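Spelled out from the first residue to the last, the chains are:
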Amino acid sequence: FAFATKSKSVATMAANQEFTGNLKRQLEKLFDVSVKATAPDVPGVKPLIDIGKFGDYQCNNAMGIWAKIKGKGTQFKSPLAVGQALMTSVPASEMVESCSVAGPGFVNVVLSAKWMAKSIENMLIDGIDTWAPAPPVKRAVVDFSSPNIAKEMHVGHLRSTIIGDTIARMLEFSKVEVLRRNHVGDWGTQFGMLIEYLFEKFPDTDSVTETAIGDLQAFYKESKSKFDSDPVFKEKAQQAVVRLQGGDPIYRKAWAKICEISRTEFAMVYKRLRVELEEKGESFYNPYIPSVIEELNSKGLVEESEGARVIFLEGFNIPLMVVKSDGGFNYASTDLTALWYRLNEEKAEWIIYVTDVGQQQHFNMFFKAARKAGWLPESDKTYPRVDHVGFGLVVGEDKKRFRTRSTDVVRLVDLLDEAKTRSKTALIERGKDKEWTPEKLDQTAEAVGYGAVKYADLKNNRTTNYQFSFDEMLNDKGDTAVYLLYAHARISSIITKSGKDIDELKKTGKLALDHEGERALALHLLRFAETVEEACTTLLPSVLCAYLYELSNRYTTFYSNCQVIGSPEETSRLLLCEATAIVMRKCFHLLGITPVYKI
Ligand code: ARG
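Residues numbered from 1 in each chain as written. Predicted model: local features only at pLDDT ≥ 70, side-chain atom pairs only at ≥ 80, totals over all residues.

Draft legend 1. Here's a closer look at the sheet that holds strand 2 (residues 57-59). Spatially, 1-2-4-3 is the arrangement adopted by the four strands of the open sheet, whose pairing is antiparallel. Each edge of the open sheet is held by one strand with a lone partner, namely strand 1 (49-51) and strand 3 (96-102). Within this sheet the neighbouring strands show an average axis-to-axis angle of 30 degrees, counted without direction. For strand 1 and strand 2, the ladder comprises three bridges, and the chain directions are antiparallel. (Pairing = 2+ DSSP bridges. Helix = DSSP H or I, 4+ residues; strand = E, 2+ residues; numbered from the N terminus. Axes fitted to C-alpha atoms, helices over the stretch in contact; angles between N-to-C directions.)

Following this line, the structure appears as structure tokens:
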């Protein structure tokens, strides 16, 4: 799977080495020429370009080519000689300053500082969107957050919301149309007991309000215990399910009411996090299930097993149940149908599901069933494509499943509010309440507090468990959103302090990268696009976080070695500050974090 660089043909590239937004890809194109020239008889060799140990980048093809040609009458005597040939046949390019060969044939590439400077100047004029990757899909579905009606929206759903939003944002930045889907659990047998309990507690259902029911989770628990202990109630609840599924208007209405109340609670979380989602819950797909199961059946996939209807899949010791023995549908029937809908009705080419790793088997199974049905290509890297983005548990400081205080469930709204309150307290300790208006104090507390929660989650490799700690995430030192937001604010204030009109400077000013600190920072800036591409390809937001943290470290090194204001290089260095601030803000944007300009 490779993203294409922005639409410029190789021919124009050779003549005009303008930065296409992705250094790695651009070097691959150059080395493609040299690989073909060096080993014309070895077909299908792809240029291997990596960040270099000695140069800025390195080409690692020599060993592989050597392995294929040695002992076959080749003119080359060693991998080193292959490396030398690779080096000499690289087409001349403005972007490359020099190449050298090291060890067993690695070609080190040093980029031209002049070209790097020019590329950043261009970005300052044309905007950072010119550095966006271009994935080969037009439309994608990101299925994320997806809590269950009347049940707890837990920290797992919070992770899904944060990770899914970032993936959606990265794809949107890459000009993919993203359908942000909230696949809420709003259907199933539990609604029978919920509705019946609602009727019992509030005979006048129409007037039931959110406040009357109060805590929907407690309501769920009460109705569940009644269901388990009272056989008459249980019987009624089971009939309620039949009525609901049969479309009885009174039951539908009660169901809608329960959904509505849950939705208000979910919305409070989304509002704080500023996450946009479009709800298409499980119930939406319900009418389509029978025909989808019929299609799978007609393809010979569905078999009878102990009264249920199942699909047997190689590599799994249990079959995928698609119709329960009582004739009802389940999680898998809905997911298969939703997949069918997304592929055929919504014409999505990439469908991404964000849930905890515990659901991996479920996804692998219905993905496999879809491949068997011919809905998806055999190779999981070809489009239309599906991916399960799994993540680990959230644990508390005691390494156990995360809880706050004494309550056994964590209300997400309370958790987010606590992050905000803590960051506000820290701002007040720094005397900001005297300096700022209450609105500004509040906005900054939100940006920092919610930003901290998001970043602390996103920076970990998502597949591992992650330890939730307010103290750690709100620390203003180390790899935290607080540190990064402050770093950005400091850069902004340097630009302001200079008294220069930065937008004017962008148009006319020239960038020079003579100092090592300037060059190292610039190189990292130019790696932004390939980083976003990698984060999209691997579906790992942590890749972008690591990039952002390194950016701020390189900025610090630059700033402590290179005087900006009042130096002869002031214009150039202000432009470098501005470019850094722009890239940082884009990273924040992609991570769903609101930037702060003043601290
Ligand atoms: N509602 C499910 C849960 O809370 C997550 C749904 C994920 N999406 C999907 N298409 N299965 O675990």
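Draft legend 2. Broad picture of the pairing of strand 12 (residues 385-391). As judged from the seven bridges shared by strand 11 (residues 350-356) and strand 12, these two strands associate in the parallel manner. Its bridge partner lying in strand 12, Ile351 is registered against Val386.

Draft legend 3. View of helix 20 (residues 481-498). If you check helix 20, its first and last C-alpha atoms are 26 Å apart, about what 18 residues at 1.5 Å a residue would give, namely 26 Å. All buried positions along helix 20 are accounted for by Ala481, Val482, Leu484, Leu485, Ala487, His488, Ile491 and Ser492. Taken together, the buried residues of helix 20 touch helix 18 (438-458), helix 24 (541-561) and helix 25 (570-590). Remark: Gly499 follows helix 20 within two positions and exhibits a positive phi of approximately 75 degrees. (Expected span 1.5 Å × (residues − 1). Buried ≥ 20, exposed ≤ 12 C-beta atoms within 10 Å, placed from the backbone. Contact = placed C-beta atoms within 7 Å.)

Draft legend 4. Local environment of the UniProt feature "domain: Arginyl tRNA synthetase N-terminal" (unreviewed entry) in the chain. In the numbering used here, UniProt assigns the "domain: Arginyl tRNA synthetase N-terminal" (unreviewed entry) feature to residues 25-111. Across residues 25-111 one finds 37% helix and 22% strand; the C-alpha atoms that close the span lie 14 Å apart. (UniProt positions renumbered as here; feature names shortened; annotations may be inferred.)

Draft legend 5. Representation of the UniProt feature "domain: DALR anticodon binding" (unreviewed entry) in the chain. Residues annotated by UniProt as "domain: DALR anticodon binding" (unreviewed entry) correspond here to residues 484-599. With 74% helix and 0% strand, residues 484-599 has its two end C-alpha atoms placed 12 Å apart.

Draft legend 6. Main features of the site of the ligand. Neighbouring the ligand are Asp143, Ser146, Pro147, Asn148, His183, Gly185, Asp335, Ala338, Tyr353 and Thr355. For the shell around the ligand, the secondary structure elements donating two or more residues are helix 14 (331-344) and strand 11. The residue makeup of the shell around the ligand, split by class, is three nonpolar, five polar and two charged. (Near = placed C-beta within 6 Å. Nonpolar A, V, L, I, M, F, W, Y, C, P; charged D, E, K, R; others polar.)

Draft legend 7. Representation of the packing of helix 18 against helix 20 in the model. Between helix 18 and helix 20, the least distance of the axes is 8 Å, while the angle of their chain directions is 125 degrees. One element, helix 18, and the other, helix 20, form an angle in the oblique class. Together, Ala447, Val448, Gly451, Ala452, Lys454 and Tyr455 of helix 18 and Ala481, Val482 and Leu485 of helix 20 make up the contact between the two elements. Tallied by class, the residues present in the contact of helix 18 with helix 20 amount to seven nonpolar, one polar and one charged. (Parallel < 35°, antiparallel > 145°, perpendicular 65-115°, else oblique.)

Draft legend 8. Region of the structure containing the nonpolar core. Membership of the largest hydrophobic core comes to 139 residues, with the highest contact counts inside it found for Ala140, Ile352 and Ala452. Examining the composition of this core, we find that twelve residues originate from one element, helix 25, more than from any other. Among residues more than four places away in sequence, those in contact with Ala140 are Leu171, Val176, Val178, Ala348, Glu349, Trp350, Ile351 and Ile352. Core analysis: the second largest hydrophobic core is formed by 20 residues, Leu194, Tyr220, Phe227 and Tyr251 among them. (Core = buried A, V, L, I, M, F, W, Y, C linked by C-beta atoms within 7 Å.)

Draft legend 9. Layout of the packing of helix 14 against helix 15 (residues 360-372). The contact between helix 14 and helix 15 brings their axes to 10 Å, and the two run at 50 degrees. Taken together, the axes of helix 14 and helix 15 lie oblique to each other. Here the hand of the crossing between helix 14 and helix 15 comes out right-handed. For the pair helix 14 and helix 15, the contacting residues are Tyr331, Ala332, Asp335, Leu336 and Leu339 in the first and His362, Phe366, Ala369 and Ala370 in the second. In the contact of helix 14 with helix 15, the residues fall into seven nonpolar, one polar and one charged. (Left-handed = near helix turned anticlockwise from the far one by under 90°.)

Draft legend 10. A look at helix 13 (residues 289-298). Residues of helix 13 that are buried: Ile289, Val292, Ile293 and Leu296. Within helix 13, the buried residues cover an arc of 100 degrees as seen down the axis, which keeps them to one side. For helix 13, exposure combined with an orientation more than 90 degrees from the buried face picks out Ser291, Glu294 and Ser298. Contacts made by the buried residues of helix 13 are with helix 12 (282-285), strand 8 (302-305), strand 9 (308-311), strand 10 (320-323) and helix 14. Immediately beyond the C-terminal end of helix 13, within one or two residues, lies Gly300, with a positive phi of roughly 80 degrees. (Arc of directions from axis to C-beta.)

Draft legend 11. Looking closely at the confidence of the model for the chain. Across the chain, the average pLDDT comes to 92, with 95% of residues at or above 70. Within the model, pLDDT remains below 50 along residues 1-15, and this stretch shows 21 contacts once partners closer than five positions in the same chain are excluded. (pLDDT = per-residue confidence, 0-100.)

Draft legend 12. Inspection of the environment of Tyr57 at higher detail. Here Tyr57 shows up in strand 2. Taking the C-alpha atoms as reference points, Tyr57 and Glu97, 40 residues apart in sequence, are found 12 Å from one another. Not counting residues up to four positions away in its chain, the partners in contact with Tyr57 are Leu27, Ile49, Asp50, Ile51, Gly52 and Val109.

Draft legend 13. Representation of the sheet that holds strand 10 within the structure. One open sheet accounts for three strands, arranged 8-9-10; its pairing is antiparallel. Since the sheet does not close on itself, it has two edges, and those belong to strand 8 and strand 10, each with one partner. Averaged over all adjacent pairs, the angle separating strand axes in this sheet is 45 degrees, with direction ignored. Bridge count between strand 8 and strand 9: four bridges; the pairing is antiparallel. Looking across to strand 9, one finds that Val302 is bridged to Ile311. Running over the sheet, helix 13 touches strand 8, strand 9 and strand 10 and is turned about 95 degrees from strand 8.

Draft legend 14. Spotlight on the pairing of strand 3. Pairing between strand 3 and strand 4 (residues 106-111): six bridges, direction antiparallel. Bridge pairing in strand 4 places Val101 opposite Val107.

Draft legend 15. Spotlight on unusual backbone geometry. Pro384 follows Tyr383 through a cis peptide bond whose omega is -5 degrees. If you trace the backbone, Pro384 turns up in the loop between helix 15 and strand 12. Of note in the backbone geometry, Ala150 takes a positive phi value of approximately 70 degrees without being a glycine. Looking at the secondary structure, you find Ala150 in the loop between strand 5 (139-143) and helix 6 (155-173). Judged by C-beta crowding, with 24 C-beta atoms within 10 Å, Ala150 ranks as buried. Even without being a glycine, Arg274 presents a positive backbone phi close to 55 degrees. Here Arg274 falls in the exposed class, since 12 other C-beta atoms lie within 10 Å of it.

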